Amino acid sequence: MSTLDVLCQQVTHSDMSTSPFSHNPQILRDDTDQQRTGGAGLAPVRAVMRATGLLQVFRPDKPRLTLAELARATGLDKGTVRRLLHTLISCDLIDYDQRSQHYALSLGVLTLSNAVDTAREIRDISAPILAELSERTGATSFLFVPHQGRAMCVQRVRATVPSFDAAWFDVGGVMPL
């Protein structure tokens, strides 16, 4: 019996309120404000909140944005947005195309994403299972974890020879729980 068979058997024979990964509930636990602030009760730094807010405006369907679009999306004035963008450019997190006057996330963001440790254990455990599932079904398989009240895709595996390819979610994509 393969790992996938065992996993499927555990899931179908459970009451669905438990997970095959329930031996470590920390993996699936959602973030809380206390966890994010380290429990110190410190107030967030406004400039950092604004800068990360700018980064979060970029989406797969909107990878390039103008200064006006970013200001409108964040509710910040253009001067503040311009200064924040200049700082993010110097940190290699944003690129600017002078010709089109559009901003985009830079490749430097990928350096950060590779360092994400949250859900690493469940991703490592699930990787061979997702690969086997994709090969057996000929479809893309996904792994979602709870994050801030929504489900976030943390892993996606495509079949070698897809009979059905689902590009619904990229890693980092979210949907309602």
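Residues numbered from 1 in each chain as written. Predicted model: local features only at pLDDT ≥ 70, side-chain atom pairs only at ≥ 80, totals over all residues. Heavy atoms only, no water.

1. Details of the environment of P162
Point 1. Here P162 is to be found in the loop between strand 5 (150-157) and strand 6 (174-176).
Point 2. Using a relative accessible area of 44% as the deciding quantity, one classes P162 as partly exposed.
Point 3. Taking C-alpha positions, P162 is 8.0 Å from E135, a pair spaced 27 residues apart along the chain. (Helix = DSSP H or I, 4+ residues; strand = E, 2+ residues; numbered from the N terminus. Buried < 20%, exposed > 50% of the residue type's maximum accessible area, 1.4 Å probe, protein only.)

2. A short note on the sheet that holds strand 4 (residues 141-147)
Point 1. In spatial order, the strands read 4-5-6; together these 3 strands make up an open sheet with antiparallel pairing. The outermost strands of the open sheet, each flanked by one partner alone, are strand 4 and strand 6. Along the sheet, successive strands turn relative to each other by an average axial angle of 40°, direction set aside.
Point 2. Examined bridge by bridge, strand 4 and strand 5 share 7 bridges and lie antiparallel to one another. The partner of P146 across the bridge, within strand 5, is A151.
Point 3. Its contacts with the sheet put helix 8 (residues 120-137) on strand 4 and strand 5, and the angle it makes with strand 4 is roughly 150°. (Pairing = 2+ DSSP bridges. Axes fitted to C-alpha atoms, helices over the stretch in contact; angles between N-to-C directions. Contact = heavy atoms within 4.5 Å.)

3. Some thoughts on the pairing of strand 5
Point 1. Where strand 4 hands over to strand 5, the hairpin turn is made up of 2 residues, of which Q148 adopts a positive phi near 50°.
Point 2. In this structure, strand 5 lies alongside strand 6, joined through 3 bridges in antiparallel fashion. Bridge pairing in strand 6 places R150 opposite P176.

4. Section: unusual backbone geometry
Point 1. Located in the positive-phi region is Q101, a residue other than glycine, with phi close to 60°.
Point 2. On the secondary structure map, Q101 appears in the loop between strand 2 (94-97) and strand 3 (102-105).

5. Topic: the side chain of R123
Point 1. Summarising the element assignment, R123 is placed in helix 8.
Point 2. Ignoring sequence-local partners within four residues, the contact set of R123 consists of V116, T118, L143, V154 and Q155.

6. Considerations on the packing of helix 4 (residues 46-57) against helix 6 (residues 78-90)
When two helices pack together, their arrangement is given by the angle between the helix axes and by the axis-to-axis distance.
Point 1. For the pair helix 4 and helix 6, interaxial distance at closest approach is 10 Å and the crossing angle is 80°. On the basis of their axis angle, the class for helix 4 and helix 6 is roughly perpendicular. On the side of helix 4, the interface is formed by A47, R50, A51, L54 and L55, while helix 6 contributes T80, V81, L84, L85 and L88.
Point 2. Classifying every residue of the contact of helix 4 with helix 6 gives 8 nonpolar, 1 polar and 1 charged. (Parallel < 35°, antiparallel > 145°, perpendicular 65-115°, else oblique. Nonpolar A, V, L, I, M, F, W, Y, C, P; charged D, E, K, R; others polar.)

7. With respect to the confidence of the model for the chain
Point 1. Within the chain, residue pLDDT values average 78, and 75% of them lie at 70 or more.
Point 2. Segment residues 1-34 is flagged for pLDDT under 50; beyond a separation of four residues in sequence, or across chains, it makes 35 contacts in the model. (pLDDT = per-residue confidence, 0-100.)

8. Focus: the sheet that holds strand 3
Point 1. Read from one edge of the open sheet, 3 strands run 1-3-2, paired in antiparallel fashion. Sheet topology places strand 1 (64-65) and strand 2 at the edges, where each strand pairs with a single neighbour.

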